[in-house]
Each structure stands twice: as C-alpha cells, then as structure tokens.
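If you want the building blocks of each chain, they are given just below.
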Amino acid sequence: MRKVIFLAGAAGSGLTTLAAALAASGFETAHPSSPHGPNERITAGAVPAIGAFNRALLALAGHRPDRIPLTLDFASLAPASLTEWAGDALLPGARAALAADIPLTRGHTDSAGGGGIVCQDAGFAFTLPLWLRVAQEAGLSCTVVIVHRSAVALTGALQRQWHGAGHGEGQGADEREGQDFAAATSRIMDTWLSLLAAAPAGTPVVSYEAFTADPAGTLASLGLESRAVEEGTGARGPTAPDLGFIRSARPLPPLPRPLLPAPLRAFDQRLAEAHGTAPEGGPVDPAQVAAETRRRASEKSFAGHTLLLGAKDLLAAAPLFAPPAEAPLPETALREAARIAAPLPIAAPAALAAAPPLAPSPLGAPATLRTPAPRPVIVHCHIFKNAGSSVDVVLKEHFGARWVTHEFPTRNGLSNADLTHAYLRAHTGLDVLSTHTGDWWLGHDGNGLTVLPIIFLRHPLLRIRSAYSFEKKQAADTLGARLAKANDFPGYVKARLDRPNDLAFRDFQAHRLAAYEARLTADLYSTAMRALDRAPFIGLVEDFAGSAARLDALIAPHFPGFKAYSARANTTDSSDATPGEKLARIREELGEEVHDELSAANRVDFALHDAAMARWPAAAPPPAHRAAAQ
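The rules we used
- Residues numbered from 1 in each chain as written.
- Predicted model: local features only at pLDDT ≥ 70, side-chain atom pairs only at ≥ 80, totals over all residues.
- Heavy atoms only, no water.
- Helix = DSSP H or I, 4+ residues; strand = E, 2+ residues; numbered from the N terminus.
- Buried < 20%, exposed > 50% of the residue type's maximum accessible area, 1.4 Å probe, protein only.
- Contact = heavy atoms within 4.5 Å.
- Areas by Shrake-Rupley, 256 points an atom, 1.4 Å probe, with all protein chains shown as cover.
- Pairing = 2+ DSSP bridges.
- Axes fitted to C-alpha atoms, helices over the stretch in contact; angles between N-to-C directions.
- Core = buried A, V, L, I, M, F, W, Y, C linked by side-chain atoms within 4.5 Å.

Asker: Help me get a handle on the overall build of the chain, residues and values and all.
Answerer: A count of helices and strands for the chain gives 28 helices and 13 strands. With 630 residues in all, the chain has 53% of them scored as buried. A separation of at least 24 residues holds for 78% of the contacts in the chain among residues at least 6 apart in sequence. Of the roughly 25700 Å² of accessible surface on the chain, 56% is carried by carbon and sulfur atoms.

Take a look at the structure:
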C-alpha cells in the first residue's frame, strides 16, 4: 500500500524545509511535475489543488489574518467543527483535489522504494480529518508529522509575513499593517489546538530549531532516513543525502518567555521536548488540549469572535467544493480559490503560482496570483416593499446570469450575515446576490472579497401601507397574506402588532441595517445609526432617481459599463400624491390610536429615515410629510 506523509504545522513552521529534506533523501513529493530549478526546494511537497481547497474552505469559515473564529451551529448555537459540519458535502471536491496532487491517482510508480509521498500545507492544521479520510478511501496509508517551531519565532514570522511590503496594492489598511503580538500568539495557539486535537495517536513531532541543527539525525530518529538510490544500480544504498541547503534556525529575539501567554508557553515547551519522538498519548495531554480548547471557545464567544454555520447544501452546489467529474478541480477553480483566499496566512499562494497549470490558461506572472485584486460582489439586502424589485430589474439587466437570489434561515434578534458570507465564498460564479432574508456584516469584507452592500430605506408608514396593499392582492398562503385578506388596514396593522415576536412591523429597517455594524445588537438605535454612517450606499425609495446616480458611483468602478436608471417594478401605488399627502391619508385611515401605536413601534425606523433624508437633501419631502410623521 502506498503511503502519504502529511506535514502539518502553523504557517511559518518550516514545512517546506522539512519537505525539501525528505525530497533530498529520496522521498517522492506531491505534484511531481513541478518544474526543476533553483527554487525547487522552496516548494517541495506543495499541493496546489489541496492547498487551494484548504484556503477556500477556511476563508468560508471566516479565518482572517488577525483571528480564527469559533464556529457555531446556526440552529443550536453549539460549537461545531468545520469539517464535521460539512461532512460528506466536501468529499467530491476533496477527492478531485487529491487526484490532482497525489501521483498514485495518475498511475505513477513508487520511485522512492516505498518511502511515501510527502505533502505539506499549513491548512492541514485545520482540515486534517478531511484529508486523512479521503486519502484512506483512495487506498493510501497515512502518516502525519507535526512540525513545531518556537512560538516566539512563529510570532515574528507572522508579523513579517503580513507587513505591508509583502502584500502589494489593493489590500485593506488593516491587512497591510501586519499582525500585532496578541493576534499572532492567538493564531498560533488556535493552530496548535486544532492540530493536536486532530492528529492520530502516536504522531511524530519535529521541532524546527532542533531539526535544522541536526537534520540527518532528526530524520533517522523518526525512521525517515535517506532512501537515496545508488547511482547506476537501482538499489538503495548508503549514500547520504545532501542536506547542506538547510541552515540552522536564527537565534530567537531577546523576548522574555513570561510575556507569552501561559498556555502557549506550556504547549510550546511540550512540543519542543517531543522533538524526534512519537508519543502514543500525544505530545500534549489530550485532556489539557480539550480543556484549553473549551477555555478559548468561551473567550471567543464572550468577545463575539464567532461564525455561524448554516445549511451545508451550499457546499454541495459550489464549484470550488464539488468540481465536475470530467475535469477534477479545473484550473479556473484553482485560480478562483487563490483569488478568494490569498490574504489568509495559510499555505503560501506561491506554491500554486509555481505549479504547472493543469490545463492551458492565461494565468500570467506568478505575482498576480500572490497579490490578486479582491473579488467584488454586490449584495442587495432586499427589504420588502422598499423598491427592491425595481433595484433587481436594474441589476439583472446588466449582470444577467451572474445575478442570483437566495434566501437564508432567520432567527429574531440574531444576524445571519455569516450564512450570507459563506454563500458568497462558496459560490464564485455570481456578481450579485439579492436576498430578502440574508444580512450583511461589514466586518466580513476583506480577505480577497470586496462586498458592495445595497439597501434602500423608506418612510416606515409608507412601507407598511404598501405591504398591506401587496399582501391583500397576492395569491399566497403566508401569514401576512391571510391577515391582509381578513382585515382592513387598521385591523391588519393591529394583528401584526399583537404578535410580540413579529419584527416585520417593529423597526424592521433598523434591524436589517444594524446587521451591517454588529452581529448582535443590544441598542438598536445607536447600532443602526453607526451602520448608516459606515454603509457605502443607502438608497431612498422617495428619491429613486437620485439614489440610482449614487448607485452608479458605487458599482461602476468595480464593474465598468454598469449604469443604473430609474425603474418601477412590483409597485402598489401609482398615484401622483406626494409623500406628505400619502402619510396624512394613512393617519386618517389608521385612526389616532393605531397610528400612535405603530409609530411608537417604529421610532428607530423614523429616526433612521429622517437621518438619511437629511444626509441626501435632494430627497427632502414637502413640509406636510414632516407634520404627518410626528
């Protein structure tokens, strides 16, 4: 049975150096068609298809240079493992990625005399169970090697890796400034915890500092000594490999170890002490790993560093995770994965750039892959009866099949922006997502994704009156339609307000906009107002033409040729009455008591709409509007 050796560790641990040493010792490396040349050792063991898959999956899970979120199940809010949550939905794409990188699936023979195929990717620290399963299903015997490096050295490496000089143009300011000490040490601890929890019992450990001081001795201690073939005989001989390219690790900076977080110090010491061994119980007591994982989960939950996982069917339908059987992980998917997740501090995108294309394509210079422009996507937060259908007419006309609509599960008071984020990451063939139920959070922008959120506001009473007219006529069996058909307008409003958990008539617009600013909202007014300040675009139904001009300014720089215009679709009031006249009519129709109750339930929406009208004065209504809104 062929063997695959997975080298796993934090980014910057020296995975490529160890892979190069094994390659020099006669072991086979994944993707053997990589070009031979002076930079061969730099990418030894690289797995471009698997690495791209890992980066796309971790980007979907919200991994960022400055934090790794705690993943929670959207339905239960309980901690959920990313790979366990995804389950079988990931298998088709993972199998295709393995087939693209591992020689066995291409009919290669074992030129290394049974030594095994070396694969290395920093993403394995978080996705190892998936790849062990897929490799074993493919008939491969699996060995995992944990590669450790001093926490102080890793912290410095992360800070250097994300300094602005290494990233090029087009990245956000926070991504150019690099990680601070706390963010770097937090990422290292998260990486070690994930890897230690997933590694099989008896997994050997290599500490980078000890390995570089004695590479041959380290390989021998692990049973990975030279498998070099004696020239001209075809038999394995005693020829020592040339490991002269390996340089001893640089001395660590004079940083007092007590400044490192105590758990990190403890794990660092135990991993270093396990160098060259394969402890059956693991280098760190599994009970301690579990306890520290729970402690960090509590910290992240308290700080709001969480990400909600929704329906996994989005993975099964996504081209990055389920490539066509006739073209396993086509290069377009590889390029898309690199474009989506390039800023993540996981497997260097240079490995993908250095690998030969799986099919002819105009990829261009490798630097393009290392510093790609973020992918722009428009998210239309379609608020019911806020001219959303008219907006979609404009967007669909320009984007055609790259405009899609999708709805998401909701929970009152809890933003589902994480589900929208995952959908965008997984579905790379869209330019526009229109959704009545999906929220957006501005904190999800970045990491290779530039989201242009569109949301339109409207006077809350005009919106509610339009909703009543629409639901009274529509041929549907929804709660709103049933209530509208059974009641006049005041009765309809009263019936909706009598339902305490019905947010549709209680500051509904403020709740949708507040999700831009915060995924949990304790004070709706302040959160919605901050979102109004930060949002790149707020449209006003009362001034659709003026809003369309501002929409042009937002979208055209990212999608040249886009032109918004004033459209009317799914309208329920074609009268020429002014907003003020309509509001006066609504007040009379509702009666003072219901009108006052409805106004009180929407006081934040009133304030939000007033603030938006003041900001874009071209939309200012006549004086009658102001009087009627009091």
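From this point, things continue past the structure.
Asker: Before we move on, could you go through the environment of alanine 522 and cite the residues and values that matter?
Answerer: With respect to the secondary-structure elements, alanine 522 resides in the loop between helix 22 (508–517) and helix 23 (524–534). Counting along the chain gives 109 residues from alanine 522 to glycine 413, while the straight-line C-alpha distance between them is 9.3 Å.

Asker: Could you give an account of the sheet that holds strand 8 (residues 375–381), naming the residues involved and the relevant values?
Answerer: As summarised here, the arrangement of the four strands in space is 9-10-8-11, forming an open sheet in which the pairing is parallel. At either margin of the open sheet sits one strand with a lone partner, and together these are strand 9 (403–405) and strand 11 (449–454). Each strand of the sheet is rotated relative to its neighbour by a mean of 25°, with strand direction disregarded. Sheet strands in contact with helix 18 (residues 417–426) are strand 8, strand 9, strand 10 (432–435) and strand 11, and its direction is about 140° off that of strand 8.

Asker: So what about the sheet that holds strand 6 (residues 205–207)? Which residues, and what values?
Answerer: In spatial order, the strands read 2-4-1-5-6; together these five strands make up an open sheet with parallel pairing. Only two strands of the sheet have a single neighbouring strand rather than two, namely strand 2 (28–29) and strand 6. Across three bridges, the pairing between strand 5 (residues 141–148) and strand 6 is parallel. When the bridges of strand 6 are listed, histidine 148 appears paired with serine 207.

Asker: How would you summarise the nonpolar core if you had to cite specific residues and measurements?
Answerer: Phe6, Trp131 and Trp192 are the most contacted members of the largest nonpolar core, which has 63 residues in total. If you tally residues by element for this core, the top one is helix 5 (residues 124–137), at nine residues. Those residues in contact with phenylalanine 6, other than ones at most four positions away along the chain, are Cys119, Phe124, Leu128, Trp131, Leu132, Ala135, Cys142, Thr143, Val144 and Val145. One finds Phe408, Tyr423, Leu430 and Leu540 within the second-largest nonpolar core, a separate group that totals 40 residues.

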